[in-house]
Amino acid sequence: MRSLMFGVALCGALCGASASAGGPVHEYTLDNGLKLIVQEDHRAHVAVVQVWYRVGSAYEHDGITGVSHALEHMMFKGTKTRGPGQFSTLVAANGGRHNAFTSTDYTAYYQEWSADKVPLSFELEADRMRNLVIDEAEFKKEINVVLEERRMRTDDAPQSLAVEAAQAVAFTTSPYRQPVIGWEADIKSMTATDLAAWYQRWYAPNNAIVVVVGDVQPDAVLALAKQHFGPLAKSDIPPPKPRPEVPQQGERRVTLKSDKARVPYLVMGYKAPNLLAARAGEGVEAWEPYALDVLAATLSGDESSRLDKHLVRGQELAAELSAGVDTGGLLPSLFFVNAVPADGVGLEKLEHAIVAELDALEAKPPTAAELERIKTQVVADNVFQRDSMLHEAMTLGALEAVGLGWRVKDDYVARIQAVTADQVLAVARKYLVPDQLTVAWLLPEQKP
Amino acid sequence: MNRAAHLLLTVGLLLASAMAAAAPRIEHWQTANGARVYFVAADENPMLDVRVVFAAGSARDGEHAGLASLTNGLMNEGAGEFDADAFSERLGATGAMFGLGAERDMAFASLRTLSEPRYATHALELFALALGKPRFDESAVQRDKARTLVGLKHRQQSPDALAEETFYASLYPRHPYGTPPDGTPASIAAIDRAAIVAFHQRYYVARNAVIAVVGALDRAGAEALAERLSQALPAGEAAPPLPAVTPAEGGLHHVDFPSIQSHVMLGLTGMRRGDPDYFPLLVGNHALGGNGLVSILFEEVRNKRGLSYSVSSAFVAMSEAGPFVASLMTDRKQQDEALDVLRTTITQFVYDGPPPAAIDAAKRNLIDGFPLRVASNRQIAEYIAMLGFYGLPLDYLETFPAQVAAVTPDAVKDAFARRLPPERLTTVVVGRAKADAAP
């Protein structure tokens, strides 16, 4: 009931780069630049195959927002040698599950099926990496599906609209201000030609990462990859122009009134650095992103965290509450606190109470017991994640796709364990400051 | 790469397949005070999944809609000598994850912990305490009631939740499946601590429990663990059977809601777990609307016409006849067209019988895809808890592929003709009424 009830999916504390050390990871790069990552897991005779492309909404510009996601939909609509839907039919007939997802930072496709089917995955994925056909008639139908998806996920979901509004206000020049699914007008004006151009620009072996986790032998997978992806020509892909966020110089606020909403909702986001920024220097210490993860876990994440203890229980100001930060992204994002107030509690009061909890860190930095709990949980999560091949593959692929490299997951536990209370306090002081805050209020409003 | 090399690789991958086990080996026994235990040893990762299910879902709410869910949700808010804060701090320190949930038939409590004793011992002690001695402190009861009321309001802004609530109410007007599992504002307000304590005492008992254990321990360890959890509960009595379901009469139910999309649900009362038609209905529905991106409904509604992002159908098998449900969501302006396609596709499937090729494809997907359903400890734990709860045979997983293989198109046609008469379908639409729909 707790975490799932109030639907907005945000990366919780420690999920950014939290990862495990399952079987050993093998990494290869083909001559055409395609990267292959293989992790063995022999518990069941199944495998997950994922193909990641380094393109997502963060690569898009005004007017074509949502093009990466729309293209993802069209990737199931046929190639020069396979008709629309044939991909899905083949996967299903071979006992597979498959799908795809698009984020700010990447677009990824996957199949889960018997480990015998890895060659078929490679054959199908290699085909649509280079030979996609974007048929006008198919596009016209599918873009309506995308519009329906936007209505379902966002336009008819008030809390999602509030998060979308908060992102759009928090970022001025960073492409993270754009929704992954795109603005409605952009989706409506999108053409098959736009998609074809986007495909030509980004879909190539040297912009792709293939991840295989499962009951496979790495050498055999490499040979298969050479066979199927090896012949594909690489492309000349100019990197996107950098669009760093301009410094924020004061608090930002946005209010959203909705005749669909019945409960108010509060979204608070502080500008926060990521692992890539720390790696580049840029005034961010290497330990800071890890300290931010520990900070998020101190505040939220389980029932013993501070915001749960003090605001959901204790003062009983919030009915639901979560906080988190994604430090594993391509660009710096936000340290979020989202909350549904308890009945009769105003958003202003709840907001002040949350700020007071953040301020209280100064007088009450994380205790030894709090740090110990968080570090134990990271050790445990590291093991628990091994139970899901899909999650293992997701972690490897996402880290590669943003350019951090999968090895970040290997020392994640050690980096978290090295975080001190002083460091947590230091990142709270540095980043959770009023001038770096964006607040969105969702207000239910019944129309007469 | 030449042909010979390709074959070599294929053989290499196939060899790995011969070594892997098929269905997980399930061990089953009863604890001294009557809890049924299902255990699968899995020592690849140093972790343990424990899932305890009780016949304590909302079908047992009686006069108090929402009682089962409220009781279940309070079980980690203090137990034994620990109040909610102390309990959560102690559990958090073990690194374990504690899950709770109540559906219509069952309620569950689950624990995922590292198997190393320095973590597992303490986590399991707290888990046992929560199962047997939840405190139900008055302050926690009042807080959770208030939070539930906010949750109910939140449901009122979700067309999906409204559609589901209306759907169950329409299909089960005189059956406990028909009341909303989270209750209503009035029913929640009327629940007091005494009702919660009484519900826990009646239903959270060993003879009403199934304990599923998956993870890195041996049979002796699993027996000790199950015995420890079971001893935390009184023996008690199993819950009585639920009343049989009387099929509803069909009809159209519209809920006015200011959404852009209309949410459409179509269905009727379907089948029980262990139903003799289970496999023909499963296979037939897999072809009709169960098989993700390639089902007949997906093809007709989405691929051919672009009418909905999501469209699917399912037979939800429950203790008593659960629903058959087909659903989609679409812009209000094309609601009538979408509903017509949905209804016509189902009707044709029933009257004309399924295309044999579709049945063949559905069977292959279910059979070849079976290993995916039991690939993780979490999935295995959920599966064996379900087996135990519904009293399905121990070899259910092992025989699943053969049962699916035996289904013929004729058997599907016959079962659907009897079990899915299109004229009895109930239709629920949540969205703007026609009059004020935007042009």
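Residues numbered from 1 in each chain as written. Chains lettered and ligands numbered in written order. Predicted model: local features only at pLDDT ≥ 70, side-chain atom pairs only at ≥ 80, totals over all residues. Heavy atoms only, no water.

Enquirer: Pulling in residues and values, what's your account of the overall build of chain B?
Expert: Scanning chain B from terminus to terminus reveals 17 helices and 13 strands. The C-alpha radius of gyration of chain B comes to 24 Å, within 12% of the 22 Å expected for a compact globule of 439 residues. By its C-alpha atoms, chain B is 70 × 60 × 40 Å across when sized along the principal axes. Sorting the 439 residues of chain B into buried and exposed places 59% on the buried side. Looking at chain B alone, contacts between residues at least 24 apart form 82% of all its contacts between residues at least 6 apart. Counting every atom, chain B has about 17,000 Å² of accessible surface; 54% of that belongs to carbon and sulfur. (Helix = DSSP H or I, 4+ residues; strand = E, 2+ residues; numbered from the N terminus. Rg over C-alpha atoms; globule rule 2.2 N^0.38 Å. Buried < 20%, exposed > 50% of the residue type's maximum accessible area, 1.4 Å probe, protein only. Contact = heavy atoms within 4.5 Å. Areas by Shrake-Rupley, 256 points an atom, 1.4 Å probe, with all protein chains shown as cover.)

Enquirer: Tell me about the confidence of the model for chain B, and name the residues and values.
Expert: Residues and elements named next belong to chain B. Residues of chain B with pLDDT of at least 70 account for 94%, and the chain-wide mean is 93. Confidence drops under a pLDDT of 50 for residues 1-21, and excluding neighbours within four residues, the segment shows 21 contacts in the predicted structure. Of the two predicted TM-score estimates for the complex, the pTM is 0.93 and the ipTM is 0.92. (pLDDT = per-residue confidence, 0-100.)

Enquirer: Tell me what's going on with the confidence of the model for chain A, and back it up with residues and numbers.
Expert: Should the pLDDT be low somewhere, the predicted coordinates at that spot are not to be read in detail. Looking at chain A as a whole, the pLDDT averages 93, with 95% of positions reaching at least 70. When the criterion is pLDDT under 50, residues 1-21 of chain A qualifies, and its contacts beyond four places in sequence or with other chains add up to 67 contacts.

Enquirer: Let's hear about the interface of chain B and chain A: which residues, and what values?
Expert: Taken together, the 72 residues of chain B in the interface contact 73 residues of chain A. Buried surface at the junction of chain B and chain A, summed over both partners, amounts to about 6,400 Å²; 60% is from carbon and sulfur atoms. Counting across the interface, chain B meets chain A through 8 salt bridges. Between Arg112 of chain B and Asp387 of chain A there is a salt bridge, and its shortest N-O distance comes to 2.6 Å. Counting every contact that joins chain B to chain A gives 30 residue pairs in polar contact (both at pLDDT 80 or more). Among the elements that make up the side of chain B that touches chain A, the one with the highest residue count is helix H5 (residues 138-155) of chain B (10 residues). For the side of chain B that touches chain A, the residue count by class is 27 nonpolar, 29 polar and 16 charged. (Buried area = accessible area lost by both parts, 1.4 Å probe. Salt bridge = Lys/Arg side-chain N within 4 Å of Asp/Glu carboxyl O. Polar contact = N/O pair within 3.5 Å; in protein donor to acceptor, adjacent residues only side chain to side chain. Nonpolar A, V, L, I, M, F, W, Y, C, P; charged D, E, K, R; others polar.)

Enquirer: Describe the packing of aromatic side chains, with residues and values.
Expert: Each aromatic ring pair is described using two quantities: the centre-to-centre distance and the angle formed by the ring planes. Across all of its chains, the model carries 31 aromatic pairs over all chains by this definition. Ring centres 5.5 Å apart and planes at 80° place the aromatic pair Trp52 of chain A and Phe101 of chain A in the edge-to-face group. Of this pair, Trp52 of chain A sits in strand S3 (residues 46-53) while Phe101 of chain A sits in strand S4 (residues 97-102), and the two are 49 residues apart along the sequence. With a centroid separation of 4.9 Å and an interplanar angle of 85°, the aromatic rings of Phe389 of chain B and Tyr390 of chain B are classed as edge-to-face. We note that Phe389 of chain B, like Tyr390 of chain B, is buried. Taken together, Tyr53, Phe76, Phe87, Tyr109, Tyr199 and Tyr203 of chain A form an aromatic cluster joined through their ring pairs. (Phe/Tyr/Trp six-rings, centres within 6.5 Å; stacked < 30°, edge-to-face > 60°.)

Enquirer: Explain unusual backbone geometry to me, and be specific about the residues and the numbers.
Expert: Non-glycine residue Glu316 of chain A carries a positive phi angle of around 55°. For Glu316 of chain A, the location among the structural elements is in the loop between helix H12 (306-312) and strand S9 (318-325).

Enquirer: For the pattern of salt bridges, give the residues involved together with the corresponding values.
Expert: A complete count under the given rule lists 56 salt bridges over all chains for this structure. Of the charged contacts, one joins Arg306 of chain A and Glu370 of chain A as a salt bridge, the two residues approaching to 2.8 Å between their closest N and O atoms. Remark: Glu370 of chain A occurs in helix H14 (residues 368-384) and Arg306 of chain A occurs in helix H12; sequence separation between them is 64 residues. Like Glu370 of chain A, Arg306 of chain A is buried. Between Arg25 of chain B and Glu27 of chain B there is a salt bridge, with the nearest N and O atoms lying 3.4 Å from each other. A single salt-bridge network, built from bridges that share partners, covers Asp41, Arg43 and Asp387 of chain A together with Asp49 and Arg112 of chain B.

Enquirer: Describe the domain arrangement of chain A, with residues and values.
Expert: Residue and element names in this part refer to chain A. Looking at chain A, the domain boundaries give domain 1 (20-228) and domain 2 (252-444). Its C-alpha centre places domain 1 at a distance of 28 Å from the equivalent point of domain 2. Counting residues at the interface gives 44 residues for domain 1 and 41 residues for domain 2. Both faces combined, the contact of domain 1 with domain 2 buries some 3,600 Å², and carbon together with sulfur accounts for 67% of it. (Domains from an automatic or database assignment.)

Enquirer: I'd like a description of the domain arrangement of chain B, backed by residues and values.
Expert: How big an interface is tends to be expressed through the accessible area that disappears when the partners come together. All names here are of chain B. As assigned here, chain B comprises domain 1 (21-231) and domain 2 (251-431). For domain 1 versus domain 2, the separation of C-alpha centres amounts to 28 Å. Contacts between the two partners involve 40 residues from domain 1, matched on the other side by 37 residues from domain 2. Taken together, the two surfaces of domain 1 and domain 2 that pack against each other cover about 3,200 Å², and 76% of this comes from carbon and sulfur.

Enquirer: Tell me what's going on with helix H15 (residues 389-401) of chain A, and back it up with residues and numbers.
Expert: Residues and elements named next belong to chain A. Over its 13 residues, H15 runs 18 Å from end to end, which matches the ideal 18 Å to within 8%, given 1.5 Å per residue. Burial runs high along H15: 10 of the 13 residues are buried. When H15 is considered as a whole, its buried residues turn out to be Met389, Glu392, Ala393, Thr395, Leu396, Gly397, Ala398, Leu399, Glu400 and Ala401. Residues of H15 that are buried in the fold lie against strand S1 (25-29), strand S2 (35-40), S3 and strand S6 (208-214). At the C-terminal side of H15, Gly403 shows a positive phi close to 90°. (Expected span 1.5 Å × (residues − 1).)

Enquirer: Kindly report on the packing of helix H11 (residues 296-303) of chain B against helix H12 (residues 335-352) of chain B, identifying the contributing residues and their values.
Expert: Residues and elements named next belong to chain B. Interhelical geometry of H11 versus H12 gives an angle of 150° and a closest axis separation of 10 Å. Taken together, the axis directions place H11 and H12 in an arrangement best described as roughly antiparallel. Here H11 and H12 pass one another in a crossing that is right-handed. On the side of H11, the interface is formed by Ile296, Leu297, Glu300 and Val301, while H12 contributes Val341, Leu342, Thr345, Ile346 and Phe349. Classifying every residue of the contact of H11 with H12 gives 7 nonpolar, 1 polar and 1 charged. (Axes fitted to C-alpha atoms, helices over the stretch in contact; angles between N-to-C directions. Parallel < 35°, antiparallel > 145°, perpendicular 65-115°, else oblique. Left-handed = near helix turned anticlockwise from the far one by under 90°.)

Enquirer: How would you explain the side chain of Lys309 of chain A if you had to name every residue and give the values?
Expert: Within the fold, Lys309 of chain A resides in helix H12. Of the polar contacts made by the side chain of Lys309 of chain A, one reaches the side chain of Glu89 of chain B; its length is 2.4 Å. When sequence neighbours within four positions are dropped, the list of residues in contact with Lys309 of chain A reads Glu303, Ser304 and Gly314 of chain A together with Asp85 and Glu89 of chain B.

Enquirer: Break down the pairing of S1 of chain A for me, citing the residues and quoting the values.
Expert: All names here are of chain A. Both S1 and S2 contribute to a ladder of 5 bridges, which runs antiparallel. Paired with Tyr28 across the two strands is Leu36, which belongs to S2. In this antiparallel pair of consecutive strands, S1 and S2, the connection spans 5 residues, and Gly33 shows a positive phi of 95°. (Pairing = 2+ DSSP bridges.)

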